[in-house]
Every structure is written in structure tokens, then in C-alpha cells.
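Observations on the model geometry
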Amino acid sequence: LARISFFSGDLAAAERRLAELRRRAPDNPEVKALAEQVGRAREEARKAAAAAAERRRIEAARAERRRGRFVEAERLFREVLQGRPRDGELWVELGLVQAFQGRFDDARRAFERALAIAPRNLDAVLGLARIDLYTNALDAADRRLDQVLAARPSDRDAQALRARVRLARGDAEGAERDFRALAAAAPRELDYQLGLGDALRAQGRDEEARAAFEAARAIDPASTDVRSRLALKIRPRWRLDVSGGYSNLTEGLESWREGRVSLGYALNQRTTITGAAEINRRFGLTDVTLDGRVDHRWSAVAAGYLRVGGTPEADFRPEVFAEGGGTLRLLPGGAVIGATFGLLDLAYARYPTGDTRSASVGLQQYL
């Protein structure tokens, strides 16, 4: 009966019958052999139950990550790691949820821990490339991605990350091509649709970007990333600015009056062109100045501008002028003090009475 219970998988019944057998025949070799078999089966069952519980916890952590609940996902991954501290793949998954929370130093340590366990773990290399992207270390990100794609040229995660690096470098058209190819190959992959929308929006094609974000919503309506993208407004490309001024002078001098109208058009998220007309009335004379300007953001930390113009039949305004310069973010800032920018402005103007040249440098500190 004990054997029947054992072979039918009822270990509890087998153990109860073995307890009776041990009491009656403690030295019987067949009883001892069956007890060892039941003991091994019980241990295997315990291990299988523990492994199944771990798998459920890992799947639950991954589900929480997909929902954007990164704190809960991290808690679950840490619970599993307590019993499997040498599992490099779990360290990679922990690093990902930490990265999504903006805890880049913690995430980097998790990926490096995974590499210490398995130096050829390309998923850990990919995770470090992601941190490089988030921290604007784009050259380092490219080197790591080259390493991954050399070993796994069809790795879509690496291809998507390469597209993100292109986008960060300002190559929105290249990023669009990459994400379109990825979305065509895997139309139900949320990240590819979001990336495509981001690349389109970076080109100022907001209506097309919204269509991509709507496609992402059809894949995962509960995604916080999708909701945040759909909350973005369609930006107008045109901008009209009108300003005026009046100065009342003493000593019997005639007042000064001025007005300016400018119309700007955003070519994309990085470049804007503007044309303007300005009327100035001084000393009983009127000058009309026309100018054009181009503003361009070269990267996440650098921006520049160029402005040229002139005044036909100038009396007191410049006959021709050119200005250029830009800003460079020197320090990103933190919780206590804001970002620090370096400024540079260069200018040349030719007046009826002579030429002027100027160069100005400075610092701008946000608090």
C-alpha cells in the first residue's frame, strides 16, 4: 500500500504508511529503501514547488514592469534574488526597473554585477548602453551597441536602442527609418510604436506622431508611457510676436516710438526660422529694419542662433548687421541648485557713422 501511494504520487499517504512500517519493522531493508525514495521525491517536490513559486514571482515582476509599476517590480525581483544571488539575468532585470525609475547609479551597479557573474552577458552590456543613453554618454552607448550587434546582429532590443541613440543625436529621420523597420517586423511591440512616434514628433510631425501613439494605445491601453505621449499637445508650427515701446524724453525732445512684428516657423523640434520687421521713430526720423533669424538646438546641451538684417536708407539704425552665438549647458544641476549655462554672443553692425563689433561671454545660473 505504501508503494502504491508512492507510485501514484500521494506522498502524504506513503509517508503515513511508512511511519507504521518503521514502527513495526524498523530494520527492514525494503522499508528503508522505500523511505529513501519517498524522501527524495518529497525533496524534489519541494524544489519544484519553490521553483514554480519563483517563476510566478518573476512573471509577476515582469508584468508590473510592463504596467509601469517599477517600485513593485523591483521589490519582487529583489525577493527572488535573495535565493538566487548568482543569477545574472535577474540582476539585468533589476537594473532595468531601476533605470526606468531614474536611479542610474543603482542600475549601473546591477548591470556590472551581472557582468561580474557572466562576463559575456550581452543583456548586461545592453543595459549599460541604455544607462549611457539616459546619461547622454552617447559615444559609450554606441560602443556597447556595436559589441552587442556584432554578436547578435538581429537583436531587436539593440536595434531599438541604436535608434534611440540616433534620436538623441538629432538624427530624427534615421531614427524614424529604424523604428519603422522594427514596427513592421513586430507590429505588436509597444516600444517600437512609441519610438516611431517620438521620432516623428522630433521632426515636428505631431499629427503623424499622434497616430503612432494611438497605435501604441491599441497594443497596451494601460501603459503610462502611452498615456503620457497622448497627453502631449499638437504644437503649432507658426508663432507670431508683436511688441511696441514708447519713451517720453525730457529737454523738449520728441518722444521715441518703436514697434516690432516677427513671425516664426518651427521646421522641426530643433530648428526655427523667424522673419521680422521693426519700425523706430526717433529724432523726427523713421527707420524700418528687416531681419531674419535661425535658432537651432545642436544637442541636449548646446544651442545656437544666427541673425542678419539691415535698414534701407538708415538714419540711426544699422544699415546691415549680423549676430550669432549660443548657449552651452556646463552643469546639469541637481536638487539644490539648477543648471549652469555658458553664453556667447558675437555681433557686427554697419551704421551711417561707422562700424561696431562686439563679443560677449557670460554665465547663466538657474536656481
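This write-up is about the structure you can find in this document. In this text the structure is predicted, and so the values were computed from the model without any measurement. (Residues numbered from 1 in each chain as written. Predicted model: local features only at pLDDT ≥ 70, side-chain atom pairs only at ≥ 80, totals over all residues. Heavy atoms only, no water.)

**Some remarks on a nonpolar patch on the surface**
Threshold: Each patch groups residues whose relative accessible area exceeds 30% and which form no salt bridge, using 9 Å between like charges and 5 Å between nonpolar side chains of Val, Leu, Ile, Met, Phe, Trp and Tyr. A 1.4 Å probe and the Shrake-Rupley method give the accessible areas. Residues count as covered only by the protein chains that appear here. By convention in these notes, a salt bridge is any Lys or Arg side-chain nitrogen within 4 Å of a carboxyl oxygen on Asp or Glu. Counting from the N terminus, the helices are the DSSP runs of H or I reaching at least four residues and the strands are the DSSP runs of E reaching at least two.
Together, W238, L240, V242, V261 and L263 make up a nonpolar patch on the protein surface, roughly 530 Å² of accessible area in all. No other element matches strand β1 (residues 238-247), which puts 3 residues into the nonpolar patch. For L263, the position within the fold is in strand β2 (residues 256-266).

**Side note on the side chain of R130**
Note the cut-off: Exposure is judged per residue with a 1.4 Å probe applied to protein chains only, and the accessible area is read against the type maximum: over 50% gives exposed, under 20% gives buried, and values in between give partly exposed. Positive charges come from Lys and Arg, negative ones from Asp and Glu, while His and the chain ends are left out of the count.
For R130, the location among the structural elements is in helix α7 (residues 122-134). Here R130 occupies a buried position and makes no salt bridge, while the nearest side chain of opposite charge, D157, is found at 5.7 Å.

**Some thoughts on the environment of A19**
Position of A19 relative to the elements: it lies in helix α2 (residues 11-24). Judged by its relative accessible area of 43%, A19 falls in the partly exposed class. Sequence separation between A19 and D106 is 87 residues, and the spatial gap between their C-alpha atoms is 52 Å.

**With respect to unusual backbone geometry**
Of note in this structure, N136 is not a glycine but carries a positive phi near 65 degrees. Structurally, the position occupied by N136 is in the loop between α7 and α8 (138-151). Residue N136 is classed as partly exposed on the basis of its relative accessible area of 36%.

**Describing the pattern of salt bridges**
A full pass over the atoms with the stated rule returns 47 salt bridges. For the salt bridge of R62 with E59, the shortest nitrogen-to-oxygen distance reads 2.8 Å. Of this pair, R62 and E59 are both found in helix α3 (residues 29-66), 3 residues apart, which corresponds to roughly one turn of the helix. R62 sits in the partly exposed class, given a relative accessible area of 27%. Given a relative accessible area of 42%, E59 falls into the partly exposed group. Salt-bridge contacts for R84 lead to D87; the nearest nitrogen and oxygen are separated by 2.5 Å. A single salt-bridge network, built from bridges that share partners, covers R260, E278, D291, R307, R317 and E323.

**A word on the pairing of strand β3 (residues 271-282)**
For the record, the criterion: Pairing between strands requires that DSSP locate at least two bridges from one strand to the other.
In the sheet, β2 pairs with β3 via 10 bridges, with the strands oriented antiparallel. Residue pairing in the sheet places R257 in a bridge with R281 of β3. In this structure, the hairpin formed by β2 and β3 is closed by a connection of 4 residues. As defined by bridge partners, β3 adjoins strand β4 (residues 285-297) across 12 bridges and the pair is classed as antiparallel. Considered in β4, the bridge of E278 is made with T289.

Function-wise, these values are silent; they only describe arrangement.
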